[in-house]
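Residues per chain are reported as follows:
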Amino acid sequence: MSSKKRLIIVGIISLSICFMGCGRKPVDNAEAYGNIIAGLEDEEAYAFLVMNTDHHVLVTSDLVYDTGTEKQASIECDVYYYSSGGAENQGSIAGGGTAYPLTFSESAIYTASNHSVEKYAVSDKDGLLHLECGIYENFDEAGNASYTSVKGEEETVSTEEEYLKLMNEYAESQIIHFSYGASGSLNEIMRK
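Residues numbered from 1 in each chain as written. Predicted model: local features only at pLDDT ≥ 70, side-chain atom pairs only at ≥ 80, totals over all residues. Heavy atoms only, no water.

1. Some details on the packing of aromatic side chains
Step number 1: Applying the stated rule across the entire model yields four aromatic pairs.
Step number 2: Judged by centre distance (6.4 Å) and plane angle (40°), the rings of tyrosine 100 and tyrosine 170 are tilted. With tyrosine 100 in the loop between strand S6 (86–94) and strand S7 (103–104) and tyrosine 170 in helix H3 (residues 160–172), the pair connects residues that are 70 residues apart, well separated along the chain. Of the two residues, tyrosine 100 and tyrosine 170, both sit in the buried class. (Phe/Tyr/Trp six-rings, centres within 6.5 Å; stacked < 30°, edge-to-face > 60°. Helix = DSSP H or I, 4+ residues; strand = E, 2+ residues; numbered from the N terminus. Buried < 20%, exposed > 50% of the residue type's maximum accessible area, 1.4 Å probe, protein only.)

2. Considerations on the pattern of salt bridges
Step number 1: Following the criterion strictly, the structure yields two salt bridges and no others.
Step number 2: For lysine 119, the salt bridge is made with glutamate 169, and the minimal N-O distance between the two is 3.0 Å. Residue lysine 119 is located in strand S9 (residues 116–122), and its partner glutamate 169 is located in helix H3; the two are separated by 50 residues in the primary sequence.
Step number 3: Look at lysine 119 and you get buried, because its relative accessible area is 12%.
Step number 4: Overall, glutamate 169 belongs to the partly exposed group, its relative accessible area being 27%. (Salt bridge = Lys/Arg side-chain N within 4 Å of Asp/Glu carboxyl O.)

3. A closer look at the sheet that holds strand S12 (residues 154–158)
Step number 1: Overall, antiparallel pairing links the seven strands, which are arranged S12-S11-S10-S9-S8-S7-S13 in an open sheet. Pairing within the sheet leaves two strands with one partner each, and these edge strands are S12 and strand S13 (174–175).
Step number 2: Where strand S11 (residues 145–151) meets S12, five bridges bridge the pair, whose relative direction is antiparallel. In the sheet register, threonine 148 faces S12, and the bridge partner there is valine 157. (Pairing = 2+ DSSP bridges.)

Laid out in structure tokens, this is it:
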């Protein structure tokens, strides 16, 4: 066998070993979140969100309702993420009423109300939930609308176009369906 072929074979074997053992080892949901789910009260439901993160995101809620067209939706939840060897509560998020159920995309979790929309993300680097962008519609005494945008800690003036664009992202994202058991708890993005 030529030395060039030997080098290629050694390279393939090395890559195979690295893919099997290098980097982060994915954990299953029961291993990562089993203690949290076991500790839920009877009225609390949960959902696993399949997103562009190393692990599924777990959301729990005790305010599950039927929207009329969608079952098992919620307007608020606690968000958990597995990072640094354990799952931790990353915070709570809430929308502005049952007309605006929580939704998600491959990269974000959304909340909305009659006059606001927020986009949250979970960071793989540190596992933390953060407000990626929130846009809020305000009215003065004469009824004129103005818009404020919050990104991280920075608050700026926004536009109606930016507000409508983020509201459209919310409208096109998928409603989170909560479950009281493992069956139906996995939420994946359905391709249109």
